Amino acid sequence: MSRQKIVAGNWKMNKSLQEAKTLVEMIINQVNDFDEVTKIIIPPFPFLDAVNHLISSKANFSLGAQNCHTNAGGAFTGEVSASILKSVGCDYVLVGHSERRQFFKEKEADFILKIKEALKNNIRPVFCIGETIHERKTDNHFKVVTEQLSSVLKEFSVAEFSKFILAYEPVWAIGTGETATAAQAQEMHAYIRNIVTDLYDSNIAAQVSILYGGSCNPQNAQELFKCPDVDGGLIGGASLNADDFCKIIFSF
Ligand code: PEP
C-alpha cells in the first residue's frame, strides 16, 4: 500500500514577509523536481497569500494554516475561519498541536469543531497528538494517545476520516532537540494505525498518512522515514532553514 509521503513545515510565529518569500523561493529551487513528496508550507496567517502565489504552480507543493476558528464566520475579532483560509489557497490546517493545547487551552471539543469547519471547506486537517514526558515516564503514552484519538475520531465518519492526516508529536520532543528514536516512533505509529483499524477498518488505517514531529532534522530524518509506519514529518525549527528543510525532504 503506498501512502502519501508528506513533509510539512510549521513556521510557527517566525519570519517577516520578505524572509518568508525568500525562504520559499530557496525551497522551491532545491526540491521542485522531487514531486513524489507532498511539501506543505505552513506560514503565519499574514504570509499565506504571498506564499500561495509562489508555490501554486509548483510540483506537489501545498499551503497549510496553523489554526482555524471553530465558527464559520462573524464577530470573532482576531480570528480566522476555514473559509477565509480556503479563499487564500489553503488545503491543510493543523489542529490539536501541542502548543494550542498547552498555551491556548484547546480541548477535544474545539478540535472537533475546527475539523468540521475545515472539512466543510475542503481543507484537510493535520490532527496532532502525542504524550508529555510525564505521561511517557509513567507508561501512560499509549493510553493518552488512544484517548486523544478516539475522543475526536468518534465524531467523524470513515468518509470524513479519509481526508485526515495524523501527526504523532511527543510533546517532550517538540522544540527540545530530543527526538523519539526510530523504534519509539515506529512503535507508536503502528499502534496508532491499529487504533484507526479498531475505530474504522483496516483499509482506511492502511491509507492514512501518519507524520512524525518533534526535533526532526537532517541528521535523524532518514532513520525515522525508513520506519514502515512513518509517512513523513511535521517539522518546526528545521523548516525555518531552506537547506535543512530540503535535506529532510530528500531523506525519503
Ligand atoms: C512542531 O512544532 O510541530 C515541531 C515538530 O517542532 P520542532 O520540529 O521544532 O520540534
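Rules behind the numbers
Residues numbered from 1 in each chain as written. Predicted model: local features only at pLDDT ≥ 70, side-chain atom pairs only at ≥ 80, totals over all residues. Heavy atoms only, no water. Pairing = 2+ DSSP bridges. Helix = DSSP H or I, 4+ residues; strand = E, 2+ residues; numbered from the N terminus. Axes fitted to C-alpha atoms, helices over the stretch in contact; angles between N-to-C directions. Contact = heavy atoms within 4.5 Å. Near = heavy atom within 4 Å. Polar contact = N/O pair within 3.5 Å; in protein donor to acceptor, adjacent residues only side chain to side chain. Areas by Shrake-Rupley, 256 points an atom, 1.4 Å probe, with all protein chains shown as cover. Nonpolar A, V, L, I, M, F, W, Y, C, P; charged D, E, K, R; others polar. Expected span 1.5 Å × (residues − 1). Core = buried A, V, L, I, M, F, W, Y, C linked by side-chain atoms within 4.5 Å. Buried < 20%, exposed > 50% of the residue type's maximum accessible area, 1.4 Å probe, protein only. Phe/Tyr/Trp six-rings, centres within 6.5 Å; stacked < 30°, edge-to-face > 60°. Lys NZ or Arg CZ within 6 Å of the ring centre and 35° of its normal.

(A) Representation of the sheet that holds strand S1 (residues 5-10) in the model. Read around the closed barrel, eight strands run S1-S2-S3-S4-S5-S6-S7-S8, paired in parallel fashion. Ignoring which end each strand starts from, the neighbouring axes of this sheet average 25 degrees apart. Of the strand pairs in this sheet, strand S3 (residues 61-65) and strand S4 (residues 90-95) are connected by three bridges, and their pairing is parallel. When the bridges of S4 are listed, Leu63 appears paired with Cys90. Each of strand S2 (37-42), S3 and S4 touches helix H2 (residues 48-55); the most contacted strand, S3, lies at about 170 degrees to it.

(B) Local environment of the site of the ligand. Close contacts around the ligand come from 15 residues, with Lys12, His97, Glu169, Gly175 and Ser215 the closest. Take His97: an N or O atom from its side chain is 2.8 Å from an oxygen atom of the ligand. Gly236 has a polar backbone atom sitting 2.8 Å from an oxygen atom of the ligand. The fraction of the free accessible surface of the ligand (290 Å²) that becomes covered by protein chains is 95%. Of the residues contributing to the shell around the ligand, the split by class is four nonpolar, eight polar and three charged.

(C) Here's a closer look at helix H1 (residues 17-31). For H1, with 15 residues, the first-to-last C-alpha span of 21 Å sits near the 21 Å given by 1.5 Å per residue. In this structure, the buried residues of H1 make contact with S2, H2, S3 and helix H12 (242-249).

(D) Expanded view of the nonpolar core. Residues Phe127 and Leu166 are the most contacted members of the largest nonpolar core, which totals 70 residues. With near-sequence residues (within four places) excluded, Phe127 lies in contact with Val95, Gly96, Arg101, Phe111, Ile115, Gln148, Leu149, Val152, Phe164, Ile165, Leu166 and Ala167.

(E) Region of interest: the packing of aromatic side chains. Under the counting rule described, the total for this entry stands at eight aromatic pairs. Both rings, one in Phe225 and one in Phe252, keep their centres 4.5 Å apart while their planes meet at 20 degrees; by these two values the pair is stacked. With Phe225 in helix H11 (residues 221-226) and Phe252 in the segment after H12, the pair connects residues that are 27 residues apart, well separated along the chain. We classify Phe225 as buried; its relative accessible area is 7%. A connected cluster of aromatic rings, assembled from ring pairs, spans Phe156, Phe161, Phe164 and Tyr200. Above the face of the Phe104 ring, Arg100 is positioned so that its terminal group lies 3.9 Å from the ring centre.

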